[in-house]
Amino acid sequence: MELLPRSPAEFGSARYWDRFFRQRGQQPFEWYGAFPELCPVLHKYVRPRDKVLVVGCGNSELSEQMYDMGMCEDIVNIDISDAVIRQMQERSAGTRPKMSYLLMDMLQMDFPDAHFQVVLDKGTLDALLTDEEEATLAKVDQMFAEISRVLQVGGRYLCVSLAQAHVLKKAVEYFSQEGWVVRVHQVASSGDKQQFVLPVFVYVMTKFRKIPDSAAQILEICPEEQDKPMRVESAERLVAAVKDRQHYALLCSQISKTPCREQVSLDLCDKESGKPRYTLHVVDSPSVKPSRDNHFAIFIIPQGRETEWLFGTEEGRRQLAASAGFVRLLTVALHREQHYEGMAGIQAELSGKVMELAPPGLPARQQVPFLSVGGDIGVRAVQHCGSSPLSGDYVVEDVRGDGTCYFRRLIFLQNRNVVQSEARLLAPTPLPGQKKRRKDKKKPSPTEPPGAIDKSYLCCEHHKAMVAGLCLLGGPDALPGELAVLVVGLGGGSLPLFVHDYFSQARVAVVEIDPSMLEVATRWFSFSQGDRMQVHVCDGLDYVAKLAAEAPAQYDAIMFDVDSKDLTVGMSCPPPAFVEKPFLQKVKTILKPEGVFVLNLVCRDAGLKESVLAALRDIFPLLYARSIQGEVNEILWCQAGPAGRHSPAELGARARALEGALRQPGRPWDGSWALADMV
């Protein structure tokens with residue numbers, strides 16, 4: 001039986017609907033949104049004494065259920081199909097005396113002005129607004145004008161819709177320009193298998209007298225999980241918010257039926273601020289064989305550890321999921337701007353939402369475990385927030401790592417998943433979540449000094465590899481009496497501090513373009529200047545160019561560890577200008593003949609990376625590359641002098657000899673790494 005129209009225009013044809021309802025017979029036809037799902041929203045806006053008009057009623061049971069449930073009784077239903085009006089009159093005859101069915105076109109209604117408190121539309125606007133042709137839009141304007149005319153001031157137009165972008169935008173713009181309050185509710189799903197994957201929405205347009213020359217618009221959205229409306233500033237933002245929820249529904253539908261070939265990422269936002277509160281990654285493990293209890297688990301990443309390789313990369317999360325032994329693992333990262341009430345609070349907050357992301361084949365009433373490292377949510381304490389014209393917003397925070405160690409980190413919020421600088425703390429200040437203080441003990445002062453920085457420890461693997469590159473200068477006996485080192489890029493100061501402290505003969509010059517970073521390094525990372533450590537606040541490009549013109553062959557080692565502020569380029573370290581051939585030639589000019597140039601390269605663009613390497617080889621005939629496992633970083637050691645190429649064994653021997661010279665009494669060396677491991 002063919003019920004679909006030949007063209008969208010037939011949705012507005014009485015002949016089509018007469019044929020539709022004759023062929024369908026007495027069986028009710030619900031476009032979308034059954035009464036149990038719509039009831040919570042309708043109860044907010046329909047009062048028992050309201051006079052209600054239902055436009056385009058069809059043979060839906062909605063009016064009958066509203067009547068029978070006592071929501072209201074004075075209901076007038078209209079439709080352009082004579083067949084369905086007669087059908088519905090017969091169905092309610094003698095049982096619902098206060099409800100009526102009338103054959104009437106909603107574009108030309110016979111009711112007097114301000115006759116109803118509520119106009120209810122379930123799918124009628126969607127059926128009419130099938131395209132954005134001029135004739136269609138004219139009909140919609142006529143429909144809205146008629147609804148406005150028959151509604152009292154303070155009355156509500158309730159429109160049940162799938163909220164296609166052009167439909168929602170038209171309704172919102174029309175009524176908001178008329179001075180009405182517009183609120184969009186997402187209808188909570190019943191959990192049953194639905195005819196439509198997309199969620200159902202109810203537009204609630206409340207009529208107010210139009211204030212001349214008033215530009216104020218009140219636009220709100222109520223997601224299904226909350227009653228309190230969220231204000232949005234424009235029709236475009238409202239349409240975008242609805243689209244986000246539609247995409248989420250499609251995603252949930254898709255991953256509930258088939259395994260994810262690629263990891264899926266999404267943010268769950270805070271209800272009050274609208275800022276991201278949780279970042280979720282859906283990770284499926286095809287190699288894991290399903291059993292009774294291993295279908296699905298939730299893994300809470302401890303605060304401050306979301307940037308670690310295991311949790312912050314696709315490959316790391318894939319290994320985590322496989323080792324956990326679940327078919328689907330949902331990792332949950334916590335955001336620093338948010339407050340969390342422990343593991344139990346997070347579990348209560350997420351338990352309903354995460355089940356929407358469950359894998360296919362999950363047994364009914366299956367207990368889904370919440371996992372973490374050590375059974376808690378970790379510790380994160382923000383020590384300082386700041387903003388710089390050059391680096392943007394940044395934060396200094398203390399976090400607990402794996403075990404009992406605490407670390408201090410500098411994060412640039414424009415790239416919040418990357419740790420800019422990191423240092424281990426010897427004696428961290430008391431942090432939230434640590435042992436509670438007894439009430440009779442004095443609370444710490446806000447000015448209490450931070451925990452001491454462990455200067456013997458290099459947290460960043462790429463910094464260790466950069467230090468190891470100094471073995472190219474020769475063994476400890478071959479090192480110059482006074483080692484001149486230039487470091488471009490200060491950050492928290494860990495790299496220049498280590499070189500300063502462990503190479504007692506080194507004089508270190510640091511170039512940093514951002515004065516805010518010098519303040520951060522000094523205040524929060526125990527960086528200090530002295531006779532052998534000087535910071536020049538200027539552009540590294542200008543500093544090198546000036547030295548090349550005035551004082552060539554000055555440095556034994558030059559280290560570039562400078563990030564790019566331009567996130568549109570496929571190279572985040574260094575900025576492209578630092579690896580152009582004319583500038584590299586200037587770097588060579590200020591480097592001594594036997595000196596070494598060490599570059600931290602972070603480049604995801606394969607073509608760009610190859611061009612950088614080609615430029616380096618043209619200037620520095622000897623080039624060694626050291627990849628950092630699990631990271632994009634690659635450390636390049638470059639030399640232009642006549643020294644021959646060294647084998648890995650020779651480099652390892654040099655590194656061991658150099659490390660032996662650096663490990664001196666009174667100079668503690670962290671035993672977790674060795675220079676030889678870095679070559």
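Criteria and cut-off values
- Residues numbered from 1 in each chain as written.
- Predicted model: local features only at pLDDT ≥ 70, side-chain atom pairs only at ≥ 80, totals over all residues.
- Heavy atoms only, no water.
- Phe/Tyr/Trp six-rings, centres within 6.5 Å; stacked < 30°, edge-to-face > 60°.
- Helix = DSSP H or I, 4+ residues; strand = E, 2+ residues; numbered from the N terminus.
- Buried < 20%, exposed > 50% of the residue type's maximum accessible area, 1.4 Å probe, protein only.
- pLDDT = per-residue confidence, 0-100.
- Contact = heavy atoms within 4.5 Å.
- Core = buried A, V, L, I, M, F, W, Y, C linked by side-chain atoms within 4.5 Å.
- Pairing = 2+ DSSP bridges.
- Right-handed = clockwise from strand over helix to strand, strands pointing away.
- Axes fitted to C-alpha atoms, helices over the stretch in contact; angles between N-to-C directions.
- Parallel < 35°, antiparallel > 145°, perpendicular 65-115°, else oblique.
- Left-handed = near helix turned anticlockwise from the far one by under 90°.
- Nonpolar A, V, L, I, M, F, W, Y, C, P; charged D, E, K, R; others polar.
- 1 Å grid on protein atoms, 1.4 Å probe; cavity = no way out; pocket = protein on both sides within 12 Å on 5 of 7 lines; lining within 4 Å.
- Points joined across faces, edges and corners; volume = space filled by probe spheres on them.
- Salt bridge = Lys/Arg side-chain N within 4 Å of Asp/Glu carboxyl O.

**A short note on the packing of aromatic side chains**
Here's step 1: Considering all chains together, one arrives at 17 aromatic pairs under this definition.
Here's step 2: Relative to Phe 175, the ring of Tyr 157 lies with its centre 5.6 Å away and its plane at 55°, an arrangement referred to as tilted. Of the two residues, Tyr 157 is situated in strand E5 (residues 151-161) and Phe 175 in helix H7 (residues 165-177); the sequence distance between them amounts to 18 residues.
Here's step 3: On the basis of relative accessible area, Tyr 157 is assigned to the buried category, the value being 0%.
Here's step 4: With centroids separated by 5.5 Å and ring planes inclined at 75°, the aromatic side chains of Phe 578 and Phe 583 adopt a geometry described as edge-to-face.
Here's step 5: For Phe 583, a relative accessible area of 6% translates into the label buried.
Here's step 6: Here a set of aromatic residues connected by ring pairs shows up, and it is made of Phe 144, Tyr 157, Tyr 174, Phe 175 and Trp 180.

**A closer look at the confidence of the model for the protein chain**
Here's step 1: Predicted confidence across the protein chain gives a mean pLDDT of 84, with 84% of residues reaching 70 or more.
Here's step 2: pLDDT under 50 marks residues 1-6. Its contacts with residues more than four places away, or in other chains, come to ten contacts.

**Quick word on the nonpolar core**
Here's step 1: Among the nonpolar cores identified, the biggest contains 43 residues, and Leu 53, Leu 125, Tyr 157 and Tyr 203 are the most heavily contacted of them.
Here's step 2: Here this core takes six residues from H7, the largest share from any one element.
Here's step 3: Leaving out residues up to four positions away in the same chain, Tyr 157 has contacts with Val 119, Asp 121, Leu 125, Met 143, Phe 144, Ile 147, Leu 151, Phe 175, Trp 180, Tyr 203, Val 204 and Met 205.
Here's step 4: Ranked by size, the runner-up nonpolar core spans 37 residues in total, among them Ala 468, Trp 637, Leu 651 and Leu 658.

**Things to note about the environment of Ala 468**
Here's step 1: Locating Ala 468 in the fold gives a position in helix H12 (residues 461-468).
Here's step 2: Along the chain, Ala 468 and Leu 658 lie 190 residues apart, while their C-alpha atoms are 8.7 Å from each other.

**Regarding the pairing of strand E3 (residues 100-103)**
Within a regular beta strand, the side chains point alternately toward one face of the sheet and then the other, so they alternate between its two faces.
Here's step 1: By the bridge criterion, four bridges tie strand E2 (residues 75-79) to E3 in an arrangement that is parallel. The residue bridging Val 76 from the neighbouring strand is Ser 100, located in E3.
Here's step 2: The parallel pair E2 and E3, bridged by helix H4 (residues 82-92), forms a crossover whose chirality is right-handed.

**Concerning the packing of helix H15 (residues 540-550) against helix H16 (residues 581-590)**
Here's step 1: Contact geometry for H15 and H16: axes closest at 9 Å, N-to-C directions at 55°. Comparing their axes, H16 and H15 come out oblique. Like other packed secondary-structure pairs, H15 and H16 cross with a definite hand, here left-handed. Residues Gly 540, Leu 541, Val 544, Ala 545, Leu 547 and Ala 548 of H15 form the contact with H16, whose participating residues are Phe 583, Lys 586, Val 587, Thr 589 and Ile 590.
Here's step 2: The residue makeup of the contact of H15 with H16, split by class, is eight nonpolar, two polar and one charged.

**Some words on empty space enclosed by the protein**
Here's step 1: The final tally for this structure, using the stated rule, is one cavity of 30 Å³ or more.
Here's step 2: Approximately 70 Å³ is the volume found for the largest cavity.
Here's step 3: Around the largest cavity sit Ala 423, Ile 453, Asp 454, Lys 455, Tyr 457, Leu 458, Ser 494, Leu 497, Phe 498 and Phe 525, which together line it.
Here's step 4: Counting residues per element, the lining of the largest cavity draws most heavily on helix H13 (residues 494-502), which supplies three residues.

**What to know about the sheet that holds strand E16 (residues 392-400)**
Here's step 1: The strand order E15-E16-E17-E18 describes an open sheet built from four strands, whose pairing is antiparallel. Because the sheet does not close on itself, it has two edges, and the strands there are strand E15 (380-388) and strand E18 (419-425). Strand-to-strand twist of the sheet, defined as the mean angle between neighbouring strand axes without regard to direction, takes the value 15°.
Here's step 2: The pairing of E15 with E16 spans eight bridges and is classified as antiparallel. Paired with Ser 387 across the strands is Asp 393, a residue of E16.

**Here we look at the environment of Tyr 32**
Here's step 1: Following the sequence through the fold, Tyr 32 ends up in the loop between helix H1 (14-24) and helix H2 (35-45).
Here's step 2: In sequence terms Tyr 32 and Val 200 are 168 residues apart; their C-alpha atoms lie 7.2 Å from each other.

**Things to note about the pattern of salt bridges**
Here's step 1: Tallied over the full model, the rule gives 34 salt bridges.
Here's step 2: Among the salt bridges present, the one from Arg 424 reaches Asp 454, with a minimum N-O distance of 2.7 Å. Of this pair, Arg 424 sits in strand E18 while Asp 454 is found in the loop between E18 and H12, placing the two residues 30 residues apart along the sequence.

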